[in-house]
Each structure stands twice: as C-alpha cells, then as structure tokens.
Amino acid sequence: MKLTAPLYTEDFMIQAHPDVSPAKWHLAHTTWFFEQFILKPYDDNYEEFSKFSNGLYNSYYETQGKPFPKQYRGLISRPTTEDTMEYRRHVEEAMEHFLKEGPWNEEIAELMETGLQHEQQHQELLVTDTKFNFSMNPLNPAYLENESFEEQGETSKLEWHAYEDELTTIGTDNLHFSFDNERPEHKFYLHAFSIASRPVTNEEYIRFIEDGGYEDPELWLSEGWGIVQEQDWKAPLYWQKQGGIWFYFTMNGLKEVRLHEPIAHISYYEADAYARWAGARLPTEQEWEYAFRGAEADGTFLESESYHPRPLQSFPNAYGDVWEWTRSPYSPYPGNRPPEGAMGEYNAKFMSNQMVLRGGSCATPKSHIRSTYRNFFPPEKRWQFSGLRLAKDGVQK
C-alpha cells in the first residue's frame with residue numbers, strides 16, 4: 001500500500017507490455033492469495049468479497065481454475081481501483097480476525113509464511129513494472145522525487161577472490177523459510193574459481209559499448225545476437241544518448257547515468273557478451289552461493305526507498321543492489337520434490353528456458369533475500385534490476 005501511495009488513479013491501470021502487470025492487479029492478486037489459500041478453505045465464517053475474484057486475479061495456478069490471460073490484465077477496468085482497495089481492506093480485516101481467533105495449525109502457518117513471501121515478491125514486481133510502464137511516457141514522469149538519488153559514492157577497486165577445488169554443499173534444508181526450489185541441501189564439487197569483489201559498473205559497461213560490443217557477433221551467443229539485430233539493442237534498457245551524454249530512465253525520471261553504480265537492466269545475453277569481452281565469464285550459481293554463504297547482504301534494498309542501485313564497496317557482504325546473472329540454467333536440484341497441490345505450481349513448472357540470478361536488488365525487501373535464494377528469468381528479459389559480476393576459472397591473483 002505504501003508503494004502505491006504516489007500513484008494516481010490513472011497510473012493503476014497501465015500495462016505497457018505483456019511481461020508487466022498493472023499496479024491494481026498486483027494489489028488484487030496478492031490479496032487473492034490469502035483469500036484463496038487461507039480464508040476460503042479454513043475460515044468457516046469468511047464471507048467472500050466477490051465471486052469473480054478467482055477468475056480475475058489467479059495468475060497461473062491451474063489447480064485453482066482457469067487463470068485470466070496475463071497480457072490482458074490492463075483491460076480489467078472494472079472492478080475499479082477503489083473497488084480493489086476495498087477488496088484488500090476486506091481481506092486484511094478477515095485475516096486479522098482469523099489470526100486472532102483461529103483455527104491454527106502447521107499447514108496454515110506454512111501457507112501464511114508463503115503468502116508473506118509472495119507479497120514481498122510482488123512488492124519488487126510492483127516497482128519494476130511501474131518503472132517500465134512509466135518509461136513508455138515521453139514526458140518521463142517521476143514515480144517519486146527522491147533527493148537521495150543525487151548521492152554518488154565511488155567505485156571500489158575490483159579485486160579477485162579465489163577459491164580452491166572443493167566438495168561442498170549447495171542449497172538448504174531450512175523449512176522456515178526457503179522456497180522449494182532452494183531445497184534440498186546437496187553435495188556439489190567446485191573446481192577452482194575466482195569471483196569479482198563487486199558487480200560491473202556503468203562506467204565499465206560504457207567502455208564495452210564504445211568498443212563496439214553491440215556490433216561484434218563474436219562476443220554473443222547466437223540467440224542473443226539475433227535479438228540484438230532484431231530489436232536494435234545499442235545499450236541497456238532505459239538508456240539513451242543525448243548530446244554525447246548517456247541518460248537513463250529511473251523512478252526519479254530521466255537522469256544522467258551515474259558512472260560508479262552497478263550496471264542494471266541488462267539481459268543474460270548482454271551480461272554474457274560483456275564477460276566474454278572482459279576476458280572473463282559469468283559465475284555458476286553454485287560458485288556464487290559458495291562465495292557468499294554466511295554473508296549478510298549489505299547492498300541497497302527496497303527499504304531504502306531509493307528504488308535505484310548505489311555503488312557497492314565491500315566483500316563478501318557486497319550484494320543486493322542488482323540481481324546478478326549466473327551461467328546456470330534454472331533446473332531442479334538433485335532430490336528436489338515440489339509440494340503437492342497448488343503450492344507445487346509456485347516454482348517447479350517454470351524450470352525450462354530460464355537462467356538463474358542471485359543476490360537481490362534495490363527493489364527486493366531485505367528480509368526476503370538470502371544466499372541460497374534462486375531467482376529466474378528468460379535470458380532475453382531486461383526490465384528487472386539485473387546486472388552481472390565477473391568470474392574466472394582457477395585462482396586469480
């Protein structure tokens with residue numbers, strides 16, 4: 001609700017691309033989750049707000065009925081924004097009463113925790129989708145005028161942190177809380193590798209652009225090069241050049257690119273091409289997790305209310321501001337078993353044609369992230385705060 005406070009009524013309806021959703025839908029869908037999975041099956045006294053909610057706000061849970069097509073969410077003008085707010089108030093009041101009065105058991109507790117984690121995921125999506133929707137407006141409107149945006153730190157020196165060959169464990173068996181795609185903990189053999197002390201910066205990425213990085217097919221995977229040609233990519237999403245100066249669209253409107261912050265809004269293909277140009281590679285997700293295990297993220301997260309990356313200074317706690325692409329395809333861990341029923345649809349059915357990202361971003365709630373967390377997106381997607389960190393084989397000095 002706090003994230004939607006700066007929005008006007010007209011802002012709640014925008015859906016500029018099938019990948020993104022209107023703000024109104026995010027509010028309704030996260031509300032629907034608690035109603036559909038907790039109140040309706042477990043609270044005998046609950047009175048449904050509308051018989052149409054499941055048909056409108058079910059995202060992809062086929063076990064709960066036919067989902068409404070994602071690409072048409074921006075066409076749902078009725079219920080109105082005020083109706084959606086009333087729906088949320090109705091469910092919140094019912095949930096508060098249910099939490100006080102019960103009944104209560106372990107199954108409900110797990111659903112409640114999943115619902116809260118699901119809400120946090122949509123807080124991030126609300127930020128990134130709103131940014132994309134606003135970016136389509138030639139007036140470059142600001143979601144929020146944030147004075148702290150002008151603060152600019154310096155880039156820390158890039159150093160290599162080396163790790164020898166080792167048989168280690170990856171993943172977690174923590175049931176409070178981890179998603180099923182993080183489980184189970186399992187053995188994994190790591191060959192010697194080195195990982196950079198910080199993500200790649202805008203300044204470094206500009207060198208890649210100016211060196212013809214988007215014009216050299218030898219740097220690109222075949223599918224990535226095809227997209228570069230087809231969509232005429234010349235720079236990261238939201239970037240434009242005016243009078244020889246790079247600008248980008250931010251949640252604060254159009255701003256001059258700040259050189260020292262981590263690069264964001266690049267695809268896996270761009271990250272991979274940059275790494276090849278730099279004489280390095282992307283880390284595997286196992287290398288990334290091993291390097292950051294036990295470290296508490298010390299980057300910029302949603303709670304900062306900046307909604308924009310800032311320069312990272314330290315290692316091993318230097319992760320957060322941008323999601324970091326890995327070279328690992330999104331697939332189940334050995335011994336992974338998704339839950340039965342609707343919760344089994346949460347992650348497992350998306351394990352194809354996606355790449356893993358690690359670390360969290362400036363739009364991720366800090367309490368949501370951990371070193372075992374596996375985010376995933378198709379390799380061509382750019383509207384998330386996605387960047388990269390370099391890695392190399394062997395021990396680098």
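Residues numbered from 1 in each chain as written. Predicted model: local features only at pLDDT ≥ 70, side-chain atom pairs only at ≥ 80, totals over all residues. Heavy atoms only, no water.

Identification of the protein chain as Ergothioneine biosynthesis protein EgtB from Marinococcus halophilus is taken from an unreviewed UniProt entry.

Enquirer: Before we go on, may I ask you to explain the domain arrangement of the protein chain in this structure?
Expert: Interfaces are frequently sized by the accessible area removed from exposure as the parts join. Domain annotation of the protein chain identifies domain 1 (2-136) and domain 2 (160-393). On a C-alpha basis, the centres of domain 1 and domain 2 stand 27 Å from each other. On the domain 2 side, the residues contacting the 29 residues of domain 1 number 31 residues. Counting the surface lost from both domain 1 and domain 2, the interface buries some 2,700 Å², and carbon and sulfur atoms represent 62% of this. Of all residues in domain 1, Tyr-60, Glu-124 and Lys-131 bury the most surface against domain 2, accounting for 26% of the area lost on that side. Seen at the junction of domain 1 and domain 2, the total is 2 salt bridges. (Domains from an automatic or database assignment. Contact = heavy atoms within 4.5 Å. Buried area = accessible area lost by both parts, 1.4 Å probe. Salt bridge = Lys/Arg side-chain N within 4 Å of Asp/Glu carboxyl O.)

Enquirer: Which parts of the structure should I look at to understand the side chain of Arg-281?
Expert: Counting through the fold element by element, Arg-281 comes out in the loop between α7 (268-277) and α8 (285-292). Taking the relative accessible area as the measure of exposure, Arg-281 reaches 12% and is therefore buried. Within polar-contact distance, the side chain of Arg-281 engages the side chain of Asp-393 at 2.8 Å. With near-sequence residues (within four places) excluded, Arg-281 lies in contact with Phe-193, Ala-275, Glu-287, Arg-327, Arg-389, Leu-390, Ala-391, Lys-392 and Asp-393. (Helix = DSSP H or I, 4+ residues; strand = E, 2+ residues; numbered from the N terminus. Buried < 20%, exposed > 50% of the residue type's maximum accessible area, 1.4 Å probe, protein only. Polar contact = N/O pair within 3.5 Å; in protein donor to acceptor, adjacent residues only side chain to side chain.)

Enquirer: Looking at this model, I keep getting lost on α8. Mind explaining?
Expert: Note: α-helices contain 3.6 residues per turn, so residues at a spacing of three or four share the same orientation. For α8, the buried fraction is high: 8 of the 8 residues fall into the buried class. For α8, the set of buried residues is Glu-285, Gln-286, Glu-287, Trp-288, Glu-289, Tyr-290, Ala-291 and Phe-292. Two residues or fewer after α8 comes Gly-294, characterised by a positive phi angle close to 80°.

Enquirer: Looking at this model, I keep getting lost on the pairing of strand β7 (residues 253-256). Mind explaining?
Expert: Within a regular strand, side chains alternate between the sheet's two faces. Pairing of strand β6 (residues 245-250) with β7, which is carried by 4 bridges, proceeds in the antiparallel orientation. Counted as the bridge partner of Thr-250 is Gly-253 from β7. Counting the residues in the hairpin turn of β6 and β7 gives 2 residues. (Pairing = 2+ DSSP bridges.)

Enquirer: Help me out: how do you make sense of the packing of helix α5 (residues 202-210) against α7 in this one?
Expert: Pairs of packed helices are described in terms of their axes, by the angle between the two and the distance that separates them. The interhelical angle for the contact between α5 and α7, taken along N-to-C directions, is 80°, at an axis separation of 11 Å. When the axes of α5 and α7 are compared, the pair comes out roughly perpendicular. Facing α5, whose interface residues are Glu-204, Tyr-205, Arg-207 and Phe-208, α7 presents Glu-270, Ala-273, Tyr-274 and Trp-277. Residues belonging to the contact of α5 with α7 are distributed by class as follows: 5 nonpolar, no polar and 3 charged. (Axes fitted to C-alpha atoms, helices over the stretch in contact; angles between N-to-C directions. Parallel < 35°, antiparallel > 145°, perpendicular 65-115°, else oblique. Nonpolar A, V, L, I, M, F, W, Y, C, P; charged D, E, K, R; others polar.)

Enquirer: What exactly am I supposed to notice about the pairing of strand β5 (residues 239-242) here?
Expert: As defined by bridge partners, β5 adjoins β6 across 4 bridges and the pair is classed as antiparallel. Looking at the pairing, Gln-242 lines up with Ile-245 of β6. Remark: 2 residues form the turn of the hairpin made by β5 and β6, two consecutive strands paired antiparallel; Gly-243 in that turn has positive phi of roughly 60°.

Enquirer: Help me out: how do you make sense of unusual backbone geometry in this one?
Expert: Note the cis peptide between Gly-102 and Pro-103, where omega equals 5°. Within the element layout of this structure, Pro-103 appears in the loop between α3 (81-101) and α4 (106-135). Following Arg-183, the chain continues to Pro-184 via a peptide bond in cis, the omega torsion being -5°. Its identity is not glycine, yet Asn-140 carries a phi of approximately 50°, on the positive side. At Asn-353, a position not held by glycine, the phi torsion is positive, near 60°. Position of Asn-353 among the secondary structure elements: in the loop between β8 (323-329) and β9 (355-358).

Enquirer: Sorry if this is basic, but what is going on with helix α1 (residues 23-42) here?
Expert: In a regular helix each residue adds 1.5 Å, so 20 residues correspond to 28 Å; α1 covers 28 Å between its end C-alpha atoms and thus fits that length. When the local axis directions of α1 are compared, the greatest deviation, roughly 35°, occurs at Glu-35. Burial of α1 is extensive: 18 of the 20 residues sit out of reach of the surface. (Expected span 1.5 Å × (residues − 1). Bend = angle between axes of the 7 residues up to and from the residue.)

Enquirer: Even after reading the chapter, I still don't get the sheet that holds strand β1 (residues 160-163), so can you show me in this structure?
Expert: Two strands in a sheet stick together by hydrogen bonds in their backbones, pointing the same way (parallel) or opposite ways (antiparallel). Read from one edge to the other, the open sheet built from 3 strands follows the order β1-β4-β12, with strand pairing classed as antiparallel. Looking at the sheet topology across the chains shown, the edges are occupied by β1 and β12 (391-393). If you compare each strand with its neighbour and ignore which way they point, the axes differ by 20° on average. Both strand β4 (residues 193-196) and β12 contribute to a ladder of 3 bridges, which runs antiparallel. Note that in β12 the partner of Phe-193 across the bridge is Asp-393. Lying over the sheet, α8 contacts β1, β4 and β12, oriented at roughly 70° with respect to β4.

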